[in-house]
Amino acid sequence: MNTPPAPNRPLILRHAEVLVTMDAARREIADGALVVEDNVVAWVGATAELPTPYADALRNGRAEVIDLHGQVAMPGLVNTHHHMFQSLTRAVTEAQDAELFGWLGSLYPLWARLTPEMIRVSTQTAMAELMLSGCTTSSDHLYLYPNGSRLDDSIEAADAMGLRFHAARGSMSVGRSKGGLPPDEVVEDEAAILRDSERLIDQWHDASRHAMRRIVLAPCSPFSVSRELMRESAVLARERGVSLHTHLAENDNDIAYSREKFGMTPAEYAEDLGWVGRDVWHAHCVKLDPAGIALFGRTGTGVAHCPCSNMRLASGIAPIGAMRRAGVPVGLGVDGSASNDGAHLLGEARQALLLQRVGFGPAAMTAREALEIATLGGAAVLGRDDIGALAPGMSADVVAFDLRDVGHAGAAHDPVAALVFCQPGNVSLNVIDGRVRIRDGRFTGLELAPLLARHRDLARQLYEAARHPHAA
């Protein structure tokens, strides 16, 4: 994707059927409008109330104008957990019917054959899917680096796509020979992990407001890294002012491993290692117990809720309502495309609502709560106050969905709820950092077909190489 130049004239979005602000008053503005100057929201309100300077700019052709008749506009969605490389290993036969540990065991041999090109192409493909689904900010947890692969490969892919990106430097250091789950061939030396983490922070991290790129330190899980790496990563992250991320309490086997190896619940283990606080978020937490929920609420420790993955791997139903009542920041994550097999973030919001109702009753989550988790919730989890809402001074990350299709027919009396209750669609518009990345449902500056063709070739090569490792 060619990055378009920064706009030198205002961008005016107008005549939205509803503009969902997610601001402090949770305003939903009929016939809504929004003005972007550079990369920041400058004004939000009803189209008829557009301030005179912008109305004059519109009339005089000094503004870029996009009409949103029949569409719902809202803040860009925030994805708090993903493994983008896994888009190469969707629906792998050997991993279709396993729980977490068996699923990982089936896929590690494939992932050990990843190459730098595979990381780049899979990242761009995963980001394209996310952006079409309404995502404007995503984290990605890359935790294995075979054959010369580096986190830089995914960072450069994100720069090319224009997605706001929190790149998580994952790691695995405890292989099977030391009692861990991953094979020894995919683990790294811990001193090398920490050195590379410092390098990445120096080279890529941007702590400024509206930053497009941040680095996160993310040892993979309690069953793949040592206590020492967890502790030292936390110390380094706090010295350098970056966030921490890992997997926690994902299923019953995960709990059993923590109790057997550490004599603690996962939440107790996290607290013992310094892995609680507003600069920390954990993926899944399906089996977080009441004491763990209270701990996370007291400390502001975040959770990335991944309903599709949790269902796919039969991990269970995370107690999201109890977490939110306790004050735990909760965002959404699509998780890896080999445990979800999709990466549609609006669809993930719908699944979050449905799964909570299956587990806890019809009042467990409303459509607007699901959208709030997908926007403001994700922003809080990532430690950001500049995304997740549309208000003056916020980052100009805006998406719109056209509700005039057959999947939303008959839902005009509440188009906001229809976004979640009806069949999730793709965006008509995606604006990130003030730049139009998708317009009329199509990418600007990206030819998707060649990217997908190369992705298909690489996915086939990866699978065949794992099935026939000794082939010439």
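Residues numbered from 1 in each chain as written. Predicted model: local features only at pLDDT ≥ 70, side-chain atom pairs only at ≥ 80, totals over all residues. Heavy atoms only, no water.

Draft legend 1. Layout of the overall build of the protein. Helix and strand content of the protein: 15 helices and 17 strands. The globule rule puts the C-alpha radius of gyration for 472 residues at 23 Å, and the 22 Å found for the protein is close to it. Overall size of the protein, expressed as C-alpha extent along the three principal axes, is 70 × 50 × 45 Å. The buried share of the protein, taken over its 472 residues, is 61%. Put simply, of all contacts in the protein between residues at least 6 apart along the chain, 76% involve residues at least 24 apart. Taken as a whole, the protein presents about 17,200 Å² of accessible surface, with 50% of it coming from carbon and sulfur. Both charge centroids of the protein, one from 44 positive and one from 57 negative side chains, sit 1 Å from each other. (Helix = DSSP H or I, 4+ residues; strand = E, 2+ residues; numbered from the N terminus. Rg over C-alpha atoms; globule rule 2.2 N^0.38 Å. Buried < 20%, exposed > 50% of the residue type's maximum accessible area, 1.4 Å probe, protein only. Contact = heavy atoms within 4.5 Å. Areas by Shrake-Rupley, 256 points an atom, 1.4 Å probe, with all protein chains shown as cover. Lys, Arg positive; Asp, Glu negative; His and termini not counted. Charge placed at Lys NZ, Arg CZ, Asp CG, Glu CD.)

Draft legend 2. Spatial organisation of unusual backbone geometry. Positive phi outside glycine occurs at His15, with the angle close to 60 degrees. Following the sequence through the fold, His15 ends up in strand β1 (residues 11-20). With relative accessibility at 22%, the residue His15 sits in the partly exposed group. Even without being glycine, Asp31 reaches a positive phi, approximately 45 degrees.

Draft legend 3. The pattern of salt bridges, seen in detail. Inspection of the entire model under this criterion finds 30 salt bridges. One salt bridge in this structure joins Glu117 and Arg454, with 2.7 Å as the shortest N-O distance. With Glu117 in helix α3 (residues 116-132) and Arg454 in helix α15 (residues 448-467), this residue pair connects regions lying 337 residues apart in the sequence. Across the pair Arg231 and Asp272 runs a salt bridge whose closest N-O atoms are separated by 3.1 Å. (Salt bridge = Lys/Arg side-chain N within 4 Å of Asp/Glu carboxyl O.)

Draft legend 4. Highlighting the confidence of the model for the protein. For the protein, the average pLDDT comes to 95, and 97% of its residues sit at 70 or higher. Per-element confidence in the protein ranges from a low mean pLDDT of 92 for helix α7 (residues 252-262) to a high of 99 for strand β6 (residues 77-79). Across residues 2-7, confidence stays below pLDDT 50; counting only partners more than four residues off in sequence or on other chains, it has 13 contacts. (pLDDT = per-residue confidence, 0-100.)

Draft legend 5. Main features of the environment of Tyr257. Take Tyr257: it is sitting in helix α7. With near-sequence residues (within four places) excluded, Tyr257 lies in contact with Gly179, Gly180, Pro222, Phe223 and Phe262. One polar contact links the side chain of Tyr257 to the main-chain carbonyl oxygen of Gly179, over a distance of 3.2 Å. (Polar contact = N/O pair within 3.5 Å; in protein donor to acceptor, adjacent residues only side chain to side chain.)

Draft legend 6. Representation of the side chain of Asn79 within the structure. Along the chain, the position of Asn79 falls in strand β6. What makes Asn79 buried here is its relative accessible area of 0%. With residues near it in sequence (within four places) discarded, Asn79 still touches Leu130, Cys135, Thr137, Ser138, Ser139, Leu332, Gly333, Val334 and Leu345.

Draft legend 7. Structural context of the packing of aromatic side chains. Counted according to the given criterion, the structure contains nine aromatic pairs. Between the aromatic rings of Phe223 and Tyr257, the centroid separation amounts to 6.1 Å while the plane-to-plane angle is 80 degrees, which identifies the pairing as edge-to-face. Placement of the pair is Phe223 in the loop between β9 (213-219) and α6 (227-240) and Tyr257 in helix α7, with a sequence separation of 34 residues. One aromatic cluster in this structure is built from Phe85, Trp103, Tyr108, Trp111 and Tyr143. (Phe/Tyr/Trp six-rings, centres within 6.5 Å; stacked < 30°, edge-to-face > 60°.)

Draft legend 8. Up close: the nonpolar core. Membership of the largest hydrophobic core comes to 123 residues, with the highest contact counts inside it found for Trp103, Leu104, Trp111, Phe296 and Met323. If you tally residues by element for this core, the top one is α3, at nine residues. Contact partners of Phe296, with chain neighbours within four places excluded, come to Leu248, Ala267, Val276, His282, Cys285, Leu288, Thr301, Gly302, Val303 and Val328. With 20 residues, the next largest nonpolar core counts Leu34, Val41, Ala46 and Ala396 among its residues. (Core = buried A, V, L, I, M, F, W, Y, C linked by side-chain atoms within 4.5 Å.)

Draft legend 9. Spatial organisation of helix α5 (residues 190-204). Across its 15 residues, α5 extends 21 Å between first and last C-alpha, which sits within 8% of the 21 Å expected from 1.5 Å per residue. Regarding α5, the residues found buried are Ile193, Leu194, Asp196, Ser197, Leu200, Ile201 and Trp204. Projection of α5 onto a plane perpendicular to its axis shows the buried side chains occupying an angular sector of 165 degrees, all on one side. Exposed residues on α5 whose side chains face more than 90 degrees from its buried face are Arg195 and Asp202. Buried residues along α5 sit against α4 (151-161), β8 (164-171), β9 and α6. (Expected span 1.5 Å × (residues − 1). Arc of directions from axis to C-beta.)

Draft legend 10. Structural detail: the pairing of strand β3 (residues 40-46). Of all seven residues in β3, six are buried; the element is thus mostly enclosed. In the sheet, strand β2 (residues 28-37) pairs with β3 via six bridges, with the strands oriented antiparallel. Paired with Gly32 across the two strands is Ala46, which belongs to β3. Two successive antiparallel strands, β2 and β3, enclose a turn made up of two residues, where Asp38 displays a positive phi of approximately 55 degrees. (Pairing = 2+ DSSP bridges.)

Draft legend 11. Quick look at α4. A large share of α4 lies buried, amounting to eight of its 11 residues. All of the buried residues along α4 are Leu151, Asp152, Asp153, Ser154, Ile155, Ala157, Ala158 and Met161. Directly after α4, the chain includes Gly162, whose backbone phi takes a positive value near 80 degrees.

Draft legend 12. Quick peek at the side chain of His245. Looking at where His245 falls in the secondary structure, it is placed in strand β10 (residues 243-248). In terms of polar contacts, His245 uses its side chain to reach the side chain of His81, at 2.9 Å. Among the polar contacts made by the side chain of His245, one reaches the main-chain carbonyl oxygen of Trp281 at a distance of 2.8 Å. Those residues in contact with His245, other than ones at most four positions away along the chain, are Thr80, His81, His141, Val216, Leu217, Ala218, Pro219, Trp275, Trp281, His282 and Ala283.

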